[in-house]
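# Structural overview
Chain by chain, the residues run as shown.
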There are 2 protein chains.
Amino acid sequence: MTELNIIQLGLGKVGQELLRQVAALWEQDRATHLNYIGLADSSGLLLDTNGFYLDDLHDALAVKTANGRLDQAAIGDIDGPIVTNQLISLLRAARIKATIVDLTADTANLPLLAAARAAGHDLVFANKAPLAVDYASYCAIAPTLPSEDAPTGWGRVRHEATVGAGLPVISTLENVLASGDQIKRIEASVSGTLGYICAALDQGLSFSAALRRAHDLGYTEPDPRDDLNGIDAARKALILARRMGLPMELSQVGVDSLIPAGLESTSLDEFWAKLPQVDETYRVKLDAAQKRGNVLRHVALIEDERASVGLREVAADSPLGRLRGSDSIFIWHTVRYSNSPLIVQGPGAGPQVTAAGVLADILGLG
Amino acid sequence: MTELNIIQLGLGKVGQELLRQVAALWEQDRATHLNYIGLADSSGLLLDTNGFYLDDLHDALAVKTANGRLDQAAIGDIDGPIVTNQLISLLRAARIKATIVDLTADTANLPLLAAARAAGHDLVFANKAPLAVDYASYCAIAPTLPSEDAPTGWGRVRHEATVGAGLPVISTLENVLASGDQIKRIEASVSGTLGYICAALDQGLSFSAALRRAHDLGYTEPDPRDDLNGIDAARKALILARRMGLPMELSQVGVDSLIPAGLESTSLDEFWAKLPQVDETYRVKLDAAQKRGNVLRHVALIEDERASVGLREVAADSPLGRLRGSDSIFIWHTVRYSNSPLIVQGPGAGPQVTAAGVLADILGLG
């Protein structure tokens with residue numbers, strides 16, 4: 001197997017979990033072709049072109065956990081802020097082809113990633129943000145299908161964990177398209193949080209009680225409006241649509257926000273206090289749906305070159321309608337899967353399955 | 001992308017469909033790194049180390065369709081029966097690393113495949129038979145995980161289409177295991193035919209009427225006892241179990257045959273005539289199950305280092321119980337997918353989706 005020289009950007013929950021999973025494999029003498037040469041968080045990048053040892057990974061985890069920042073870990077030959085040209089030059093001088101793994105949550109590293117890819121380095125993303133920027137910028141890091149040529153000399157791009165975490169979503173899309181099939185429609189529930197709330201409404205909970213319970217279970221962002229606005233779901237729909245070949249912008253994804261009117265920018269306390277005002281609206285909407293044998297679900301839909309995310313009525317006795325808890329579901333209607341769709345379902349969020357999705361991507365490059 | 005030199009063994013329904021899919025990609029100027037150098041059916045092997053043109057694929061399809069055999073196609077430099085040592089020597093002399101694709105239905109080519117793999121050539125299987133032979137013979141062609149080392153110099157092995165056709169089953173198993181997760185239990189319905197019959201029983205059909213309908217729809221083998229005996233489902237369970245690391249033999253997979261006692265070796269006419277004798281037994285069994293909120297399903301179960309296939313009672317309101325038509329389903333319970341399993345569902349048989357699964361495997365090697 002080809003040795004993979006990994007530079008990991010981001011050491012939050014997913015980043016720490018990925019280090020733990022790699023360390024666990026090394027301890028069993030597995031995945032020994034993974035050579036960690038760099039680790040970065042917002043405090044800087046630690047680099048050792050010879051590669052870190054198992055103990056170095058443990059040290060990095062211990063320092064990060066204790067201090068919240070990496071830069072005091074006594075590992076690596078070089079440390080400091082990431083400077084794109086310096087890093088690319090250094091890799092070229094050392095004749096290293098790297099696999100750069102973006103586990104951050106913003107687009108700060110996009111210039112580095114674009115330059116690295118053009119220089120032949122491979123990219124692996126769990127971070128959705130760089131794949132949801134304006135289309136022109138996206139193209140510099142856009143993945144290609146196994147049946148397509150990337151520009152000569154460019155590195156490969158993998159991003160399974162950006163949609164559905166460890167579920168086989170992006171790989172399924174790639175295989176369907178690469179083998180010459182055509183996607184007619186994707187229906188999905190891509191937000192564990194909003195999916196949980198919809199299923200809780202079926203069980204008789206009010207909207208405010210359902211959101212409160214999702215919040216208490218740790219399923220929501222600290223400010224749950226960051227889930228209710230639908231932006232995260234829209235980013236996932238955009239990533240799928242772009243991989244289907246649509247040159248689409250995030251602003252073109254239709255998004256129905258579930259934040260009650262007037263509560264968009266109040267204090268969090270006021271938001272929670274006034275939230276029950278919408279309970280009756282949802283109860284009426286669900287009652288009407290149930291009279292038609294339907295339920296409400298938060299659905300991402302990509303069809304006819306359009307993408308949207310929002311609350312929809314679906315048959316209670318359908319794969320979407322039967323969805324429970326915080327599971328995600330992806331339903332692929334294609335020319336070859338026309339009578340009956342291809343369905344992938346399961347937990348689509350969380351550090352463990354997200355890191356596992358990233359690790360599978362990395363191993364697939366070796 | 002690396003050029004892939006393909007030798008395709010088998011030109012039945014799946015083999016013909018694969019040629020059509022490759023030809024369709026070439027016509028769009030896609031997958032041009034696929035270089036077909038060999039095509040074989042039972043009449044012999046046509047080989048051209050420079051590679052076939054698009055027209056050659058069309059010619060081969062036309063000759064096969066018209067004559068039922070390939071050997072009169074005017075393509076290739078060399079033709080004749082496959083002789084293992086000759087073929088391996090010839091590839092070595094031409095400095096060709098080949099991808100040998102087994103779309104046949106028996107183990108006749110196993111010696112060739114084992115020798116080719118040891119010589120560094122890659123193998124892709126839709127054919128289950130070579131992966132279900134005795135364990136010692138299996139080891140010569142056994143795939144390895146992305147996190148494991150194969151013996152130095154050996155070729156890679158892919159076999160997605162052996163279980164669930166184009167559904168992401170083997171790749172999911174590989175990714176789960178490679179990233180260090182542990183599989184606790186796999187529940188699956190792997191036979192479209194037997195799945196169809198079980199779902200038809202729920203709808204009120206008798207066993208004999210359900211089998212007759214499956215037969216009329218083309219879901220069964222010409223002699224439906226070749227489905228009812230459960231052997232094909234057992235082979236799939238064995239392939240999954242072996243990929244989980246169990247050194248198991250086919251004889252160790254528990255199989256409940258659904259062939260009524262006494263009808264195992266009668267004439268086909270007598271089989272159909274006497275089949276309604278068992279209808280009452282199934283009706284009573286299903287009635288009892290339904291009183292407990294359950295239904296009957298044909299389930300492959302791998303758990304605690306044991307594998308079995310047979311009729312089981314499952315909750316009507318479970319993923320297995322809700323299965324309809326001839327879809328397959330695969331339910332993965334792992335350490336990381338413990339609260340809620342990972343589920344893959346959809347059509348798991350048929351030439352189009354099987355060939356697409358093979359093509360995705362091939363493209364993944366490039």
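Quick summary incoming for the structure in this document. (Residues numbered from 1 in each chain as written. Chains lettered and ligands numbered in written order. Predicted model: local features only at pLDDT ≥ 70, side-chain atom pairs only at ≥ 80, totals over all residues. Heavy atoms only, no water.)

### Concerning the packing of aromatic side chains
All names here are of chain B. Inclusion rule: Between rings of Phe, Tyr and Trp, where Trp is taken as its six-membered ring, a pair exists when centres lie within 6.5 Å; planes separated by under 30 degrees are stacked, by over 60 edge-to-face, and by other angles tilted. Put simply, DSSP H or I for four residues or longer makes a helix, DSSP E for two residues or longer makes a strand, and each gets a number counted from the N terminus. The rule is simple: take the accessible area with a 1.4 Å probe, protein chains only, and divide by the maximum for that residue type; under 20% is buried, over 50% is exposed, in between is partly exposed.
As enumerated under the stated definition, the model contains 10 aromatic pairs over all chains in all. Measuring from ring centre to ring centre gives 5.2 Å for Tyr196 and Tyr219, while their planes differ by 75°; the resulting arrangement is edge-to-face. Residue Tyr196 is found in helix 7 (residues 192–202), and its partner Tyr219 is found in the loop between helix 8 (207–216) and helix 9 (225–228); the two are separated by 23 residues along the sequence. Assessed through its relative accessible area of 12%, Tyr196 is described here as buried.

### Quick look at unusual backbone geometry
The backbone phi angle of A:Asp29 is positive, close to 60°, even though this residue is not glycine. With respect to the helices and strands, the residue A:Asp29 is situated in the loop between helix 1 (13–27) and strand 2 (34–41). The exposure class of A:Asp29 is exposed, given its relative accessible area of 63%. Phi angles above zero are rare outside glycine, and B:Glu305 is one such case at about 60°. Mapped onto the elements of the fold, B:Glu305 is located in the loop between strand 10 (294–303) and strand 11 (306–315). Judged by its relative accessible area of 62%, B:Glu305 is exposed.

### Here we look at the relation of the copies chain B and chain A
Defined as follows: Superposition of the copies used a least-squares fit over C-alpha atoms from residues whose pLDDT is at least 70 in both. Pairs of residues are marked as contacts when any of their non-hydrogen atoms sit within 4.5 Å.
Between chain B and chain A, the superposition needs a rotation of 180° and an axial shift of 0.0 Å, giving an RMSD of 0.0 Å. Such a turn and shift between the copies fits a two-fold axis. Among all residues of chain B, the minimum C-alpha distance to the rotation axis is found for B:Val344, at 2.3 Å. Interface residue correspondence from chain B to chain A reaches 100%, placing this contact among same-surface, isologous pairings.

### Describing the environment of A:Thr65
Residues and elements named next belong to chain A. Heads up, the condition is: Polar contacts here mean pairs of N or O atoms no more than 3.5 Å apart (in protein, one a potential hydrogen donor and the other a potential acceptor; neighbouring residues in sequence count only if both atoms are side-chain atoms).
Positionally, Thr65 belongs in helix 2 (residues 54–67). Here the alpha-carbon distance between Thr65 and Leu11, two residues 54 residues apart in the chain, equals 9.8 Å. Within the structure, Thr65 has its side chain in polar contact with the backbone oxygen of Leu61 (distance 2.4 Å).

### Examining the interface of chain B and chain A
The condition that has to hold: Summed over both partners, the accessible area lost on bringing two parts together, with a 1.4 Å probe, is the buried area. For this analysis, a salt bridge means a side-chain nitrogen from Lys or Arg found within 4 Å of a carboxyl oxygen belonging to Asp or Glu. The criterion for strand pairing is that DSSP finds at least two bridges linking the strands in question.
Chain B puts 39 residues into the contact, and the matching count from chain A is 39 residues. Summed over both sides, the interface of chain B with chain A buries roughly 3100 Å², with 55% coming from carbon and sulfur. Contact with chain A buries area across many residues of chain B, yet B:Arg30, B:Arg336 and B:Tyr337 alone supply 17% of it, more than any other trio. In this assembly, chain B and chain A are joined by zero salt bridges. For the interface between chain B and chain A, the tally reads six residue pairs in polar contact (both at pLDDT 80 or more). Residue assignment for the side of chain B that touches chain A shows that the elements contributing at least two residues are helix 1 (13–27), helix 6 (170–178), strand 13 (342–347) and helix 13 (351–364) of chain B. By the bridge criterion, three bridges tie strand 13 (residues 342–347) of chain A to strand 13 of chain B in an arrangement that is antiparallel.

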